[in-house]
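Listed below, chain by chain, are the residues.
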Amino acid sequence: MAIRLYQFAISHYCEKIRWALDYRNLNYETTNLLPGQHVKAIQKLTNGAGTSVPVLEHNGEIIQGSSDILDYLDQEFPGKPLIPTDEAAKALATQWEKRLDDEAGPAVRCYSYHHLLQRPKVVVPLLAAGTPFYNRILLSLAFSRVDEVMRKWMKINDKTAEQSRVVMERLLTELVETYSRQPFLAGDSFSRADLTAAALFAPLFQPEAYPVPWPKPARMPKEMRTWLNQWQPQLQVLRKIYEDYRQP
Ligand SMILES: N[C@@H](CCC(=O)N[C@@H](CS)C(=O)NCC(=O)O)C(=O)O
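Predicted model, so just to flag it, every value in this text is computed and none were measured. (Residues numbered from 1 in each chain as written. Predicted model: local features only at pLDDT ≥ 70, side-chain atom pairs only at ≥ 80, totals over all residues.)

K.L.:
What exactly am I supposed to notice about the site of the ligand here?
P.N.:
All residues in the neighbourhood of the ligand are listed as Phe8, Ser11, Tyr13, Thr51, Ser52, Val53, Pro54, Gly65, Ser66, Ser67, Asp101 and Arg109. When residues of the shell around the ligand are traced back to their parent elements, those giving at least two are α3 (66–76) and α4 (87–116). Tallied by class, the residues present in the shell around the ligand amount to four nonpolar, six polar and two charged. (Near = placed C-beta within 6 Å. Helix = DSSP H or I, 4+ residues; strand = E, 2+ residues; numbered from the N terminus. Nonpolar A, V, L, I, M, F, W, Y, C, P; charged D, E, K, R; others polar.)

K.L.:
Even after reading the chapter, I still don't get the domain arrangement of the protein chain, so can you show me in this structure?
P.N.:
In many reports, interface size means the accessible area that the parts give up when they come together. Domain assignment breaks the protein chain into domain 1 (3–76) and domain 2 (87–245). Just the C-alpha atoms count here: the centres of domain 1 and domain 2 sit 18 Å apart. Facing 14 residues of domain 1, the contacting portion of domain 2 comprises 21 residues. Every element with two or more residues in the side of domain 1 that touches domain 2 is listed here: α1 (12–23) and α3. Here the side of domain 1 that touches domain 2 takes six residues from α1, the largest share from any one element. Class assignment of the residues belonging to the side of domain 1 that touches domain 2 gives a composition of eight nonpolar, four polar and two charged. (Domains from an automatic or database assignment. Contact = placed C-beta atoms within 7 Å.)

K.L.:
What am I meant to see in the packing of helix α9 (residues 192–205) against helix α11 (residues 232–245) here?
P.N.:
The angle between the axes and the distance between the axes are what describe a pair of packed helices. Across the interface, α9 lies against α11 with an axial gap of 9 Å and an inter-helix angle of 115 degrees. Considering only the axes of α9 and α11, their crossing is left-handed. Between α9, through Asp194, Ala197, Ala198, Phe201, Ala202, Leu204 and Phe205, and α11, the contact on the second element is made entirely by Leu235, Leu238, Arg239, Ile241, Tyr242 and Tyr245. Here the residues of the contact of α9 with α11 sort into eleven nonpolar, no polar and two charged. (Axes fitted to C-alpha atoms, helices over the stretch in contact; angles between N-to-C directions. Left-handed = near helix turned anticlockwise from the far one by under 90°.)

K.L.:
What's the story with unusual backbone geometry in this structure? I'm lost.
P.N.:
Only a minority of non-glycine residues have a phi that is not negative, and only a minority of peptide bonds are not trans. With omega at 10 degrees, the peptide bond leading from Val53 into Pro54 counts as cis. With respect to the helices, strands and loops of the structure, Pro54 is situated in the loop between α2 (38–45) and β3 (55–58). Even without a glycine there, the phi angle at Asn47 is positive, about 55 degrees. The backbone of Lys155 shows a phi angle near 50 degrees, a positive value even though the residue is not glycine. Mapped onto the fold, Lys155 is located in the loop between α7 (143–153) and α8 (158–181).

K.L.:
Please clarify how the pairing of strand β2 (residues 28–32) should be interpreted in this entry.
P.N.:
Examined bridge by bridge, strand β1 (residues 3–7) and β2 share five bridges and lie parallel to one another. Across the sheet, Arg4 pairs through a bridge with Glu29, a residue of β2. Handedness of the crossover joining β1 and β2 through α1: right-handed. (Pairing = 2+ DSSP bridges. Right-handed = clockwise from strand over helix to strand, strands pointing away.)

K.L.:
Teacher, can you tell me more about the packing of α4 against α9 here?
P.N.:
As a packed pair, α4 and α9 sit with axes 9 Å apart at the nearest point and diverge in direction by 5 degrees. Considered as vectors, α4 and α9 are oriented roughly parallel to each other. On α9, the residues that touch Ala93, Trp96, Glu97, Leu100, Asp101, Ala104, Gly105, Val108 and Ser112 of α4 are Arg192, Ala193, Thr196, Ala197, Leu200, Phe201, Pro203 and Leu204. Class assignment for the residues of the contact of α4 with α9 results in eleven nonpolar, three polar and three charged. (Parallel < 35°, antiparallel > 145°, perpendicular 65-115°, else oblique.)

K.L.:
Could you clarify how one ought to interpret the nonpolar core in this entry?
P.N.:
Note that soluble globular proteins tend to have their nonpolar side chains buried in a common cluster. Ala20, Val108, Ala197, Ala198, Phe201 and Leu238 are the most contacted members of the largest nonpolar core, which has 59 residues in total. Counting only domains with at least three residues in this core, you end up with domain 1 (3–76) and domain 2 (87–245). (Core = buried A, V, L, I, M, F, W, Y, C linked by C-beta atoms within 7 Å. Buried ≥ 20, exposed ≤ 12 C-beta atoms within 10 Å, placed from the backbone.)

What follows is the structure, given as C-alpha cells:
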C-alpha cells in the first residue's frame, strides 16, 4: 500500500522523513497541512495521541514522530539501512539523533520564527507552502493572531530566541569539530545521525530541494541575515552532507 506522509512542508522534522524516503527511492504521497488546521486531522489519525507532524501512514499503520518513523522505515525497508550495524556506532547514532531532535530542532525553529515572524510577507508563504493558495490569504488576513498564537504555542520571545541562538552555536561548533576529524557522526558510513543534523539545520542553509519558497537574502530580517553570514562556514559543512546524500 502507498506510503503517505502528513506534514508541514516547512517542518525540518518532516524533512528528515522526506529525506529517508527519498534515500530509499520509495514512492510516497504527501498531505500538506496548514499549521493550526492540522490539529484536527492529526488527532483523528492518531486517535488523539498527539498533534505533531510528521505522521506516516503505511499498510494501515500510523507512526508519529520522526525518530519512530525512521525506526519503522529501517525495519520495513532494510535494503538501505540508516542505522549502523556495529553496536557502538548504533548507540552513538541514536545518541546524536536524540540530542539533535531535542536541542537543534526546537532551537532552529524558535530562532528562525522569532525573526521571520517580523516579516509576514516572508513567513506566510513558508507556513502555507504546498497548501491551496487561499491559505496564504487567510494567514495574511489573520496575521497578528497567527503571530500571537505561534509565539505562545512555541514559547517564542526575545529571551528564548537568544537562548536558541546559543544552543545552535554550541551544536554547530561541536558538529563541525566532529566532521573535521571524521566523515560521519557515527560509524564509517552515512547514518540517520548525519541525516538528522543536516535536515534540522537545513532551514538555515535553505537548500533548493526543500519544498518551500525561501526568501531572497535581502528580504531576511537584518539580525538573522547577519547571524547567517557569520555562521556560513559552519552551515556549509552541513550543506555539503545534504548535497552529497540527499537524493531528490
Ligand atoms: N520530536 C518530534 C517533533 C515534531 C515537531 O515538533 N513537529 C512540529 C512541526 S516542526 C509540530 O508538528 N508542531 C505542531 C504540533 O505539535 O501540534 C519529531 O521528531 O517528530
